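The residues making up each chain are set out below.
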Protein chains: 2
Amino acid sequence: MSEQIGKQSLRFSDPPYIVSSSSVVGTKEGEGPLGKLFDVIGEDDTFGSDNWEAAESALQKKAMELVIDKAGICPEDIRYLFAGDLLGQSVASSFALQSFGIPLFGLYGACSTAGLALSLAAMTVSAGYADLAAAVTSSHFASAEKQFRFPLEYANQRPLSTTWTVTGSGAFLLAGKRKLEELTGRNSPEKIYVEDQSEPAGTQWTREYRVKISGVTTGKILDYGVRDSMNMGAAMAPAAKDVIEAHLKDFGRSAGDYDKIITGDLGGIGREILIDLLREKNIDIAGNHTDCGLEIFDNEKQGTGSGGSGCGCSAVTLSAHFLPMLRSGKLKRILFVPTGALLSKISFNEGENVPGIAHAVVLESDRE
Amino acid sequence: MSEQIGKQSLRFSDPPYIVSSSSVVGTKEGEGPLGKLFDVIGEDDTFGSDNWEAAESALQKKAMELVIDKAGICPEDIRYLFAGDLLGQSVASSFALQSFGIPLFGLYGACSTAGLALSLAAMTVSAGYADLAAAVTSSHFASAEKQFRFPLEYANQRPLSTTWTVTGSGAFLLAGKRKLEELTGRNSPEKIYVEDQSEPAGTQWTREYRVKISGVTTGKILDYGVRDSMNMGAAMAPAAKDVIEAHLKDFGRSAGDYDKIITGDLGGIGREILIDLLREKNIDIAGNHTDCGLEIFDNEKQGTGSGGSGCGCSAVTLSAHFLPMLRSGKLKRILFVPTGALLSKISFNEGENVPGIAHAVVLESDRE
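As the structure is a prediction and not an experimental result, all values here were calculated from the model. (Residues numbered from 1 in each chain as written. Chains lettered and ligands numbered in written order. Predicted model: local features only at pLDDT ≥ 70, side-chain atom pairs only at ≥ 80, totals over all residues. Heavy atoms only, no water.)

### What to know about the relation of the copies chain B and chain A
- With an RMSD of 0.0 Å, chain B superimposes on chain A once it is rotated by 180° and translated 0.0 Å along the axis. Within this description, the copies of the chain are treated as partners about a two-fold rotation axis.
- In this assembly, 100% of the residues forming the interface of chain B have copies in chain A that are likewise at the interface, indicating an isologous arrangement. (Least-squares fit on C-alpha atoms with pLDDT ≥ 70 in both. Contact = heavy atoms within 4.5 Å.)

The structure is reproduced here in structure tokens:
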């Protein structure tokens, strides 16, 4: 029962399901187009903390608490946790997660970490290594600016190509089908009803489908020679192109087999490059592509440059925006492709390029 | 065929085998007690590079090249790569690994990353997700001092409790039993003979056994309130204690069931604390415990404080010192427990504690 397909993909014979997910964001994200969909919007971006790193830990901790509460379980029910953030030595995760006491696999994939964490958590659950596994990632605008560019107090100008790191954390709880049924006490998806969060009125009760991770394609490091830390979209687009192309080849699918192909944080400039690069390979995703960084902010109104970014960006947008559309049946199958730019302040100052990496995750609803 | 045992362990029903391993180290490691055992000792610690971060990438790249060469395969035969280092945003790995073009899971577990990478690679191979997977980690004394403490040029004094970051990279190639037999063309371990690297004379030909990873125990973050970045052993010992205790409980074993219990880089001070903490739990490992950080340097002669550290330390010591002893049959079963201290320069400067984490990997020879 090998689940390997093609050169770098897995198709799960026993796919894990998403039991619950959560999204915690900052004020700017709350003011954006998806504002009404997030679980928690902080009153300010400190989340009650003394410094930006601790603020990021606080929001990641909150996302974990929520995803656990929503599933009606205890932290000790979660066998393994897959987590990461953007800070050096992943300190936001280290200080956010210790109180949960869950065995931890620490990850680093820059802004692609949501894809990395969901991939490994799905692989772990599908292999029978865990009944329940969690994936959580975070980013914070202020801690990321300080980490990669300049502290906010310096008040540097930002070119239009810059992306705006999302202050946010998204968490996901994965389980095998049997465990999901045990948790929900329901055997068929038709019996599950919830409040439709995608309707702002919030009063409609609609059918809810289960959402599973049916496959993953793990990306490689791609370096097209971009050296501009103020243009991350261009640095990451080649890796997104590479993993999407590999994914479609491995699965024998075309772009049209997905209701949406959703990159993590390419922004406007990265999106254009991605679409052009894929066209050179005779793959046209223009009609069904979107980018979490373009969904989360109104760039013109909010002054967020080319779009949102950070490993919180794709996580909260998936949790608050796309998962409800899969649950309601509005979307049947999506390809979720978080994208990461591999740089540090030191590598940038030493004149190194900014290579990219991206990981693709197939999410499908049980809708027939 | 659930492979979960206890609260946080896995026992593989189809355990992966170590096809090959490699070790590349710096000059100081070459002058230490294990000097003759390493595959490559650099002429100087720059490895032909202009800066310390690039030097670390160069040695990680060399370790990958060697592990591939030794197995007689091509990089494209490796389906997945699990890798990490100590630098912010794992840049040593990003720049070391891109030329191999292998789908990459980026990891961060501080100095425990060798345990993290071996665990996930073993899980991936055992689940049938990959025929061949590689795990590689690295650290470099000069890049780590600059990253976590002071640049070498500052010439700060080092207290005796300090550990000395190993300049080194170790890589491991894992395969299922069928793939291993395909690669070696041999069906029984008795037919395999190699030069015994553990004998300095290097001329003895001895029987070689296969080595498998039969189980893993994934650790939690533990924080005992240590804040001294010059005493990492004390920060990591509680996590090592926790994962060893959990491992023995999950597997229903006692310390005596292991020929050796080998921590990553606790050094002399951390070792004492670990032994004391476990004694409080009625577990006595004093007789069969050792620490890679104590094996790799002669602390008195080499001025390396409490011992070696870094996620290269445990990796190269396993590859060059303990794996040959498992292959020759001198050791039958070991518990390999790389230990990590979760801090960054920023978290340290902000006065945060230094929590620890450790991951345990069971390595066994096929010796009856």
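### Structural notes on the nonpolar core
- With 130 residues, the main nonpolar core has Met 64, Leu 97 and Leu 173 of chain A together with Met 64, Leu 97, Leu 173 and Ile 244 of chain B as its most contacted residues.
- Not counting residues up to four positions away in its chain, the partners in contact with Leu 173 of chain A are Tyr 17, Ile 18, Val 19, Ser 20, Val 67, Ala 71, Ile 73, Ile 78, Leu 132, Ala 133 and Ala 134 of chain A.
- Core analysis: the second largest hydrophobic core is formed by 102 residues, Leu 107 and Val 125 of chain A together with Ala 135 and Phe 322 of chain B among them. (Core = buried A, V, L, I, M, F, W, Y, C linked by side-chain atoms within 4.5 Å. Buried < 20%, exposed > 50% of the residue type's maximum accessible area, 1.4 Å probe, protein only.)

### Quick look at the packing of helix H2 (residues 52-71) of chain B against helix H5 (residues 141-148) of chain B
Residue and element names in this part refer to chain B.
- At a closest axis distance of 8 Å, the pairing of H2 and H5 adopts a crossing angle of 135°. Relative to H5, the element H2 lies oblique. Crossing angle aside, the handedness with which H2 passes H5 is left-handed. Facing H2, whose interface residues are Trp 52, Glu 53 and Glu 56, H5 presents Ala 142, Ser 143 and Lys 146.
- Of the residues belonging to the contact of H2 with H5, the class tally is 2 nonpolar, 1 polar and 3 charged. (Axes fitted to C-alpha atoms, helices over the stretch in contact; angles between N-to-C directions. Helix = DSSP H or I, 4+ residues; strand = E, 2+ residues; numbered from the N terminus. Parallel < 35°, antiparallel > 145°, perpendicular 65-115°, else oblique. Left-handed = near helix turned anticlockwise from the far one by under 90°. Nonpolar A, V, L, I, M, F, W, Y, C, P; charged D, E, K, R; others polar.)

### Observations regarding unusual backbone geometry
- The phi dihedral of Gln 89 of chain A falls on the positive side, at around 60°, and the residue is not glycine.
- Here Gln 89 of chain A lies in the loop between strand E5 (80-84) and helix H3 (91-97).
- Take Gln 89 of chain A: its relative accessible area is 3%, and that puts it in the buried class.
- Not every positive phi belongs to a glycine, and Asn 282 of chain B is a case in point at roughly 60°.
- Among the secondary structure elements, Asn 282 of chain B is positioned in the loop between helix H8 (267-280) and strand E14 (289-291).

### Comments concerning the environment of Gly 88 of chain B
Residue and element names in this part refer to chain B.
- Topologically, Gly 88 is positioned in the loop between strand E5 (80-84) and helix H3 (91-97).
- By relative accessible area, which is 5% here, Gly 88 ends up buried.
- The spacing of Gly 88 and Gln 147 is 59 residues in sequence and 7.5 Å in space, taken between C-alpha atoms.

### What to know about the pattern of salt bridges
- A complete count under the given rule lists 22 salt bridges over all chains for this structure.
- A salt bridge links Lys 241 of chain A to Glu 245 of chain A; the nearest nitrogen and oxygen atoms lie 3.3 Å apart. With Lys 241 of chain A and Glu 245 of chain A both in helix H7 (residues 232-251) and 4 residues apart, the pair spans about one turn of that helix.
- For Lys 241 of chain A, a relative accessible area of 8% gives the class buried.
- When its relative accessible area of 24% is taken as the criterion, Glu 245 of chain A is described as partly exposed.
- One salt bridge in this structure joins Arg 279 of chain A and Asp 284 of chain A, with 3.7 Å as the shortest N-O distance.
- Given a relative accessible area of 47%, Asp 284 of chain A falls into the partly exposed group.
- Through salt bridges that share partners, Glu 53 and Lys 146 of chain A together with Glu 350 of chain B make up one connected network. (Salt bridge = Lys/Arg side-chain N within 4 Å of Asp/Glu carboxyl O.)

### Considering the interface of chain B and chain A
- Counting residues at the interface gives 66 residues for chain B, matched by 66 residues for chain A.
- In this assembly, chain B and chain A are joined by 2 salt bridges.
- Across the pair Glu 350 of chain B and Lys 146 of chain A runs a salt bridge, and its minimum N-O distance is 3.2 Å.
- For the interface between chain B and chain A, the tally reads 30 residue pairs in polar contact (both at pLDDT 80 or more).
- Put simply, the parts of the chain that give the side of chain B that touches chain A at least two residues each are strand E1 (4-5), strand E2 (9-11), E5, H3, strand E6 (104-106), helix H4 (113-126), H5 and helix H12 (345-349) of chain B.
- Counting residues per element, the side of chain B that touches chain A draws most heavily on H4 of chain B, which supplies 6 residues.
- Classifying every residue of the side of chain B that touches chain A gives 30 nonpolar, 25 polar and 11 charged. (Polar contact = N/O pair within 3.5 Å; in protein donor to acceptor, adjacent residues only side chain to side chain.)

### Thoughts on the packing of H7 of chain A against helix H8 (residues 267-279) of chain A
Residues and elements named next belong to chain A.
- Between H7 and H8, the shortest axis-to-axis distance is 8 Å and the interhelical angle comes to 40°. Here H7 and H8 pass one another in a crossing that is right-handed. On the side of H7, the interface is formed by Gly 233, Ala 234, Ala 237, Pro 238, Ala 240, Lys 241, Ile 244 and Glu 245, while H8 contributes Gly 270, Ile 273, Leu 274, Leu 277 and Leu 278.
- Residues belonging to the contact of H7 with H8 are distributed by class as follows: 9 nonpolar, 2 polar and 2 charged.

### Some details on the pairing of E5 of chain B
Residue and element names in this part refer to chain B.
- Taking burial as the measure, the 5 residues of E5 include 5 buried ones, the bulk of the element.
- Burial of the side chains of E5 extends over both faces: Tyr 80, Phe 82 and Gly 84 are buried on one face and Leu 81 and Ala 83 on the other.
- Alignment of E5 against strand E7 (residues 132-139), held across 5 bridges, turns out to be parallel. Note on E7: the bridge partner recorded for Leu 81 is Ala 134.
- The pairing of E5 with E6 spans 3 bridges and is classified as parallel. The residue of E6 that forms the bridge with Ala 83 is Gly 106. (Pairing = 2+ DSSP bridges.)

### Details of the state of the cysteines
- With the rule as written, the count across this model stands at 0 disulfides over all chains.
- Of the cysteine sulfurs around Cys 111 of chain A, a residue in no disulfide, the closest is that of Cys 311 of chain A, at 6.0 Å.
- When its relative accessible area of 11% is taken as the criterion, Cys 111 of chain A is described as buried.
- Looking at the unpaired Cys 292 of chain B, the closest cysteine sulfur is the one in Cys 313 of chain B, lying at 5.5 Å. (Disulfide = S-S within 2.5 Å.)

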